[in-house]
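Results of the structural survey
Given next are the chains, with one letter for each unit.
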Amino acid sequence: MSNDTHNPSLRESATFDRSTMAEIRRAAETGIYDIRGFGAKRKLPHFDDLLFLGASMSRYPLEGYRETCNTSVTLGTRFAKKPIELDIPVTIAGMSFGALSANAKEALGRGASIAGTSTTTGDGGMTPEERGQSKKLVYQYLPSRYGMNPDDLRKADAIEVVLGQGAKPGGGGMLLGQKITDRVAKMRNLPKGIDQRSACRHPDWTGPDDLAIKILELREITDWQVPIYIKVGATRTYYDVKLAVKAGADVIVVDGMQGGTAATQDVFIEHVGIPTLAAIPQAVQALQEMGMHRKVQLIVSGGIRNGADVAKCMALGADAVAIGTAALVALGCNDPKWDDEFKKIGSAAGYYDDYQEGKDPAGISTQDPELMKRLDPVDAGRRLANYLRVLTLEAQTLARACGKNDLRNLEPEDLVALTVESAAMARVPLAGTSWVPGQQF
Amino acid sequence: MNTFDLTNNTVTELNHALHAQKGNVSQADWTVTNPKGSHNLAVGLDEALNVDIHGHAGYFCAGMNKTANITVHGNVGQGVAENMMSGVVRVKGDASQAAGATAHGGLLVIEGNAGARCGISMKGIDIVVKGSVGHMSCFMGQSGSLVVCGDAGDALGDSLYEVHIYIKGEVKSLGADCIEKEMRDEHLTELAALLEKAGVDEDPASFKRYGSARELYTFKVDNASAY
């Protein structure tokens with residue numbers, strides 16, 4: 001409640017707060033659930049609930065700005081003839097052309113290439129701008145197969161078989177008709193201006209045994225050259241990771257529920273999946289039990305914001321992280337300079353999540369040619385590269401403080417938790433104790 | 001004619017040999033023997049090759065084919081010609097489910113029957129089935145044509161977009177938003193051309209046409225019961 005209307009005798013319901021009541025009114029008026037973009041907005045156990053144990057006596061720290069801390073990572077060492085070599089362990093998650101403007105996709109490619117990392121296509125296929133600007137490009141193989149083209153498959157540096165997304169595990173997508181321009185419609189083989197449903201499951205295989213054959217098909221088509229990733233939304237992560245390894249994945253991507261999306265039901269974003277923090281130990285345990293940790297690389301995504309998040313993911317056992325929403329913010333998503341424009345469409349800078357409407361004043365989640373022009377792909381790419389460098393520098397700083405000369409040498413022992421919940425999920429001790437909830441001693 | 005015996009060679013060696021023709025076709029005609037139901041045969045071809053597979057094939061045979069002319073003298077497993085872009089794939093026997101799934105172009109002819117979800121999410125391919133197709137065929141089909149000379153199972157054309165469906169036999173049930181439509185002259189012409197291209201001797205006038213009612217193209221709450 002704002003101060004100008006504050007009346008101490010008025011008490012807002014915690015159950016029926018104003019956002020909840022507004023949603024009830026919206027539902028009553030429209031008869032359809034809220035579809036939106038962005039990621040989960042509720043407060044969830046997250047990386048802020050973990051702290052690093054910097055070195056003092058029992059550990060020996062490394063000197064910042066003097067002693068090196070390796071950040072490079074190789075992905076896809078299991079079967080691929082050409083694994084992906086990255087300079088930094090922060091990659092750009094799959095985001096579709098259609099959901100994003102061509103300029104935004106180009107900017108992602110530019111920024112990732114400057115920083116020495118990869119970017120990823122999305123629903124809607126590979127655009128020339130994206131391939132042209134991305135030194136390392138991962139081609140997503142999605143249930144919808146919109147724009148799926150074997151020529152593009154052969155141009156990719158890796159293939160990511162998408163089984164789920166952290167924002168909506170088990171759900172398909174919905175690109176509303178207003179964003180379906182001629183170009184988007186042509187790429188997806190659908191009429192212009194109609195709602196486009198992205199399938200929630202792959203149409204030509206069922207279950208992990210079939211997936212193993214599908215992966216072999218992709219390997220055969222690409223002559224076993226490039227790594228095959230499997231991306232899952234974080235839910236039954238322990239079992240999904242084991243099955244993904246069994247199916248033949250070179251790399252597994254686990255996307256936690258803080259992951260963003262272009263457009264899906266709000267109820268999905270907020271109520272399906274598990275937090276990223278909770279998913280990592282499950283994934284690592286599955287890999288370790290199979291003797292495949294570090295052999296099948298693990299990429300973690302879903303709400304990564306800063307170098308501390310990166311370092312914590314790696315300490316918990318990830319080989320790399322992927323960023324989506326944060327990358328868009330780095331490009332200029334929700335930038336305050338467009339606040340007047342956001343207000344004209346009923347939102348505000350920092351709150352805008354109606355990506356599905358195609359009216360993004362920042363020119364990122366839109367197909368409107370006039371709005372798209374607002375995003376300079378060169379400048380935005382530069383901003384993204386700067387942000388990626390900051391993430392890396394921050395992670396290095398923390399790793400050195402823990403005495404590590406390689407980000408992948410960070411380990412769970414370097415972490416403690418601030419809350420019982422986060423201690424249980426991350427499987428690290430509650431700060432100041434040796435107690436890990438749920439573990440037997 | 002190059003003969004590739006899968007008793008003595010692996011599927012990977014076969015595909016590698018076929019891929020090696022790209023840009024420099026020295027051997028256009030290939031015969032594959034003893035496939036024994038192997039998966040992923042002749043996938044990702046990208047040249048005007050003629051490949052004859054003598055025997056049964058497993059999953060994803062001729063997957064993502066582009067330009068090549070592939071014939072299977074036997075039955076095929078799941079996902080034959082999945083995501084095909086162009087060319088011709090002909091199956092002399094029966095096909096399992098998801099035949100021609102998500103395929104963008106070319107012609108798939110199945111001389112026997114096809115299982116469930118034939119043409120699922122098809123995106124421009126033409127599929128001609130001399131026999132019958134299983135349930136949920138053409139689910140979310142976007143464009144292209146599906147011709148079935150036999151019967152169709154439950155929920156034909158569910159959530160259809162713009163695929164033209166022609167069925168000669170009985171349709172067990174139609175899926176959401178799929179309706180029977182008038183067979184006009186242009187459709188008879190299109191169907192006749194498809195049958196001729198597929199080498200199937202049927203009278204176009206004996207078929208019925210099905211397509212999308214286009215009621216679900218944009219969400220309306222009044223249609224909620226259809227979902």
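Chain B appears in an unreviewed UniProt entry as Glutamate synthase alpha subunit domain protein from Marinomonas mediterranea.

Under an unreviewed UniProt entry, the name given to chain A is Glutamate synthase (NADPH), and the source organism is Marinomonas mediterranea. The UniProt entry for chain A carries the following comment under Sequence similarities (unreviewed entry): "Belongs to the glutamate synthase family."

**So, the overall build of chain B**
If you tally the helices and strands in chain B, you get two helices and eleven strands. Going from the N terminus to the C terminus, chain B shows its helices and strands as β-α-β-β-β-β-β-β-β-β-β-α-β. Here the C-alpha atoms of chain B give a radius of gyration of 18 Å, agreeing with the 17 Å that 2.2 N^0.38 yields for 227 residues. Each principal axis of the C-alpha distribution contributes one length, and for chain B these read about 60 × 35 × 30 Å. Buried positions account for 59% of the 227 residues belonging to chain B. Within chain B, residue pairs in contact and separated by at least 24 positions form 26% of the contacts whose partners lie at least 6 positions apart. As displayed, chain B has an accessible area near 8,300 Å², and 46% of this comes from carbon and sulfur atoms. Within chain B, one finds 17 positive and 27 negative side-chain charges whose respective centroids are separated by 2 Å.

**Brief notes about unusual backbone geometry**
Residue and element names in this part refer to chain B. The phi dihedral of N34 is positive, around 55°, even though this residue is not glycine. Within the element layout of this structure, N34 appears in the loop between β2 (29-33) and β3 (50-54). Of the residues examined, N34 reaches a relative accessible area of 33% and is grouped as partly exposed. Positive phi, close to 85°, is recorded for T67, a residue that is not glycine. By secondary structure assignment, the location of T67 is in the loop between β3 and β4 (69-73). Taking relative accessible area as the criterion, T67 reaches 38% and is therefore assigned partly exposed.

**A word on the sheet that holds strand β10 (residues 178-181) of chain B**
All names here are of chain B. An order of β1-β2-β3-β4-β5-β6-β7-β8-β9-β11-β10 is seen for the eleven strands of this open sheet, with the pairing classed as mixed. Every interior strand has two partners, whereas the edge strands, β1 (2-5) and β10, have only one. Across the sheet, the axes of successive neighbouring strands diverge by a mean angle of 15°, strand direction being ignored. In this structure, β10 lies alongside strand β11 (residues 208-212), joined through four bridges in antiparallel fashion. Looking at β11, one finds that I179 is bridged to G211. Taken strand by strand, helix α2 (residues 185-198) contacts β5 (88-91), β6 (107-110), β7 (123-129), β8 (143-148), β9 (164-167) and β11, and its axis lies near 70° from that of β8.

Reading the values: rules and limits
- Position numbers for residues start from 1 in each chain and track the written sequence from start to end.
- In the order they appear in the text, chains get letters beginning with A and ligands get numbers beginning with 1.
- Two thresholds apply to this predicted model, a pLDDT of at least 70 for residue-level local features and 80 or more for giving and counting side-chain atom pairs, whereas whole-chain, interface and lining totals are computed over all residues.
- Values shown for side chains rest on all heavy atoms present in the structure; no hydrogens or waters enter the calculation.
- UniProt positions are given in the numbering used here, feature names are shortened, and annotations may be inferred rather than shown by experiment.
- Put simply, DSSP H or I for four residues or longer makes a helix, DSSP E for two residues or longer makes a strand, and each gets a number counted from the N terminus.
- Here the globule rule reads 2.2 Å times residues to the power 0.38, and the radius of gyration is calculated from C-alpha atoms.
- Burial classes: relative accessible area under 20% of the type maximum marks a residue as buried, over 50% as exposed, and values in between as partly exposed (1.4 Å probe, protein chains only).
- Contact between two residues is taken to exist if any of their heavy atoms lie within 4.5 Å; hydrogens are not considered.
- For the area figures, the Shrake-Rupley method with a 1.4 Å probe applies, and any residue is considered shielded solely by the protein chains shown.
- Positive charges are assigned to Lys and Arg, negative charges to Asp and Glu, while His and the chain termini are left out of the count.
- A single reference atom marks each charge: NZ on Lys, CZ on Arg, CG on Asp, CD on Glu.
- Following DSSP output, two strands are said to pair if at least two bridges run between them.
- Only C-alpha atoms enter the line fits that serve as axes; for helices the fit covers just the stretch in contact. Angles between N-to-C directions range over 0 to 180 degrees.

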